[in-house]
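Secondary and tertiary structure notes
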Amino acid sequence: MQRRQFIKSMAATLVLFKTPNAVAKALSATSPKSGNKKIIWVVLRGAMDSLHTLVPTFDTELSVLRPKLLASIKDDLLMLDNGFALHPSLSNLHQWYKKGELLPITAVSSGYAKRSHFDGQDYLESGLTNIDHDTGWLGRAVNMKEKQALAIANSTPISLRSSEASTWYPSQLKEADEDVYQALMKMYQNDELLINRLEDGLAVKEMADTMVGDRALNIKKKGQFIELSKSCANLMMGNNGVDCAMLELGGWDTHNNQATRLSRQLKALDQGLKALKDGLKDQWQDTVVVVATEFGRTVKENGTGGTDHGTASAMFIAGGSVNGGKVLGNWPGLKNNQLFEQRDLMPTSNTFSWLATVVSQQWSLSDNQLKAVFPHVDKRTVKLFVG
Amino acid sequence: MATTSMIAVNRFGYGAKPNELILVAQSPKEWLIKQLSQSPPVAFNYSLPSSSDIFIQLHGYRKNKKVAKKIAQELAGKDFDKQMSMEGVVTKKARNPAHKLLNQLSSDAIDQAIRSDHSLNWRLLDFFSNHFSVSASGPVMTAIAPTLEREAIAPNLLGNFEDLLLSVCQHPAMLIYLNNERSFGTNSQINKNGRGKKKVGLNENLAREILELHTLGVNGGYQQQDVTALAKGITGWSVARIGRDEGSGFLYRANGHEPGSFTLLGKSYKKSRKNAKQGEMMLRDLANHPATARHISFKLAYHFISEQPPESLINKMVKRWLATKGNIREVMITLINAEESWHADSQKFKTPREFVISSLRSIGDNKKLNLRQLMKSLSALGQKPFSAGSPAGFSDSGNDWNGGSAIMARINWSAALSSKLSFKHTVNVETIMSNSFGKNISELSYNTILRAESKEQAMTLLLMSPEFQRR
């Protein structure tokens, strides 16, 4: 069954019967599943500084280019292999690495050549050589494999556009009476956009009522990454859960006071990812989480204890079956002639080639299907999953 | 299909107040253009504190806190836990004023927009406030973010863009938000005097956003070297510190300015150590650059008219921009006079801010919602003032506001508002319907609203109707 029809029939059902269990049953009965392989896509908005996150301690230029920034974390770094280390705030990710469940990748770039956040994010989400705001790479993959996708957001981000992805975000408002929805359904019958969105909102609301509930949600904390991650895990759990979800975390644009700000940000990321894993329980084994950002930052610290917009950054692939415990990607070096435009970390691999590898291996995409998702990049030969 | 008065009131303004549609009906265009001669274009409650007042308040607060800490230490001796609790007792009365100021100042703007007879001007103010978006994060920005639109944007709203740009880029809120207040040249006097002790340097955040967001646009043809040149040109553009008796507001720190001539977009700008002239010249040229004219004309047409604004419309606006040195009033008159602006279909989906303001205008009595609730409403709908979180501001695209979850939040909000109104006595849904739509409502919407099972539900349906959600 197509996603749209599915949602429609489900919304109709729930308006009539309005029992959460009926919805759960409807979901499990009709959802197209294949091995329950799940993808979670996490976008870090604001250009995360990789040199402060996945730290190349072996590169002697680092302390010259960033004396203050490096000093702020040097003594507490969490060592990986080959002289790479994680920021002290990433203690959970460090454990995942040691267990072989994390793959950090150094010096990646989407190929986006300018240094605008907003354009860079659209580029990363769209996954095409020319940004198209109406279609995203994950949405295309979701369509291809008839997966159910959910954005933990008020509206669909570009990454998931072109698919029938739903959106869910915790509400701070008291809910309206059920009969209002029925009247609205009637009033929207000639308005394709509004009726689709209302049906979608209703379906996800019912799902969230059953699977998330309000039990763990502290009103004040509702919008925090860790809370959103918990809810996200709940909405993906079991046979009723969605196959694919997208989370976003902003606050990475650290032009000043970076040491303090990144400690806080990375801690939020680390704890949120842990909450995802904890919430997914056994499902973690079939889940892959990909974390990426629009670009990196200048290798040299600036005049205000921060860094400005750069080019290459890092990304992470994690999950219960990930063939992890090593740092992927090639290190380009930090000497002046090794930098991009003599100021940024030089990209040595393309973000999309890694994303293509993740989707194609996790969801078994054929080469033709992958071409429709990422027309301009090829997957890599590396085997990302064990077994 | 909407009538011209309906279009004037909704597409260009913040929706109809009671009887406004009738008032406009005679000559919708003139009604709009006349608003652009209003002086001042928008008026705030000026008894609320200015940015200078706020800096003084914040300074006082910090000083009190320090004193309290000292007293607590003396009282509690070396016992740290006791110190902390004593500090709590002593500082109890000295509350950080930032959040209260944010709420007061931003809800004043919304309140004025709800009551205004010149809602076109408020729409324009909100457009430029979002164009020059600043976010309330951290104690200083939380308190001063809303002062940017009051002090730098409103006074220049209908004037030339170069004055608006300069005024914004020299306002403490923008300088602090994009970290320029401490961006100094590596070869500046400060570094030479510093004896290597405390090196300072460039921060290119503001310069990049001026080029990318505020003027030329991301495809406006600038390079990294232009970003660096502009960043150097505005080094030393800083903010006075109250505690050091520097006065208040913009302060040009000559000893932090990078010496030398810099080339921006192929043009060289002479060094100027004594004053801020070098950067000012750069900004004035950027404001009048054809790419800027196009970038902002496009954004205006996208905001007011359609997400696919016709090229012919943009061209008219650009032409007027270049002929009038970027006179915003003239460009707006061109937009209003253009036939492309009056297509009958409503193509824009209201943002939460537009939705909340137009809802309260339609009811005609905003005392039902106090200002704190107003802020909470916008927060629940995803558009809390000064919380865009990025200098690009809030999205102006319908797709970013009409997701399933967002629609559910709007329904909940409409229902909550409707239940707050004491319908039985004061509110007549039919009257509000006629105030809001005149005859511009489909039979289906009209009937569904009238046949609702209660007045509360009817009001919720009215606000959530396709006709009310779009403009």
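Once a new chain begins, its residue numbering starts again from 1 and follows that chain's sequence as written. Chains carry letters and ligands carry numbers; both start at the beginning, A for chains and 1 for ligands, and go up in the order they are written. Only residues with pLDDT of at least 70 are given local features in this predicted model, and only at 80 or more are side-chain atom pairs given and counted; all residues enter the totals for whole chains, interfaces and linings. Values shown for side chains rest on all heavy atoms present in the structure; no hydrogens or waters enter the calculation.

**Digging into unusual backbone geometry**
What counts, and what does not: Under the scheme used here, helices are H or I runs from DSSP no shorter than 4 residues and strands are E runs no shorter than 2 residues, and both carry numbers assigned from the N terminus.
With an omega of -10°, the peptide bond between B:Ser39 and B:Pro40 qualifies as cis. Within the element layout of this structure, B:Pro40 appears in the loop between α3 (28-35) and α4 (51-76). The phi dihedral of A:Ala47 falls on the positive side, at around 70°, and the residue is not glycine. Along the chain, A:Ala47 falls in the loop between β1 (38-44) and β2 (54-56). Even without glycine at this site, B:Asn179 takes up a positive phi of about 55°.

**Describing the interface of chain B and chain A**
Quick note on the threshold: By the convention used here, residues are in contact when the closest approach between their heavy atoms is within 4.5 Å. A simple way to read buried area is as the amount of 1.4 Å-probe accessible surface that goes missing from two parts once joined, with both sides added. Think of a salt bridge as a Lys or Arg side-chain nitrogen and an Asp or Glu carboxyl oxygen that are within 4 Å of each other. Pairs of N or O atoms are called polar contacts if they sit within 3.5 Å, as long as, within protein, a hydrogen donor faces a hydrogen acceptor (for residues adjacent in sequence, only side-chain-to-side-chain pairs).
At the interface, 51 residues of chain B touch 51 residues of chain A. Interface area, chain B with chain A, both sides summed: about 4000 Å², of which 56% is carbon and sulfur. Its largest share of buried area at the contact with chain A, chain B owes to B:Met408, B:Asn412 and B:Leu444, together 14% of the area lost on that side. At the junction of chain B and chain A, the tally comes to three salt bridges. For B:Arg470, the salt bridge is made with A:Asp191, and the minimal N-O distance between the two is 2.7 Å. Taken together, chain B and chain A are joined by 26 residue pairs in polar contact (both at pLDDT 80 or more). Residue assignment for the side of chain B that touches chain A shows that the elements contributing at least two residues are α13 (205-214), α20 (371-380), α21 (404-420), α23 (443-450) and α24 (455-464) of chain B.

**Observations concerning the domain arrangement of chain B**
Residue and element names in this part refer to chain B. Our working definition: Those domain boundaries reflect an automatic or database domain assignment. When residues are grouped by polarity, Ala, Val, Leu, Ile, Met, Phe, Trp, Tyr, Cys and Pro land in nonpolar, Asp, Glu, Lys and Arg in charged, and all others, Gly among them, in polar.
Each assigned domain of chain B is listed here: domain 1 (159-305 + 308-344) and domain 2 (352-468). Computed over C-alpha atoms only, the centres of domain 1 and domain 2 are separated by 37 Å. Between domain 1 and domain 2, a total of about 530 Å² is buried, with carbon and sulfur atoms accounting for 54% of that surface. By the criterion of area lost to domain 2, the three top residues of domain 1 are Tyr 177, Tyr 302 and His 303, representing 64% of everything that side buries. Run the count over domain 1 and domain 2 and you get zero salt bridges. Elements with a contribution of two residues or more to the side of domain 1 that touches domain 2: α13 and α16 (290-304). If you tally residues by element for the side of domain 1 that touches domain 2, the top one is α16, at three residues. Among the residues making up the side of domain 1 that touches domain 2, the classes are represented as four nonpolar, one polar and two charged.

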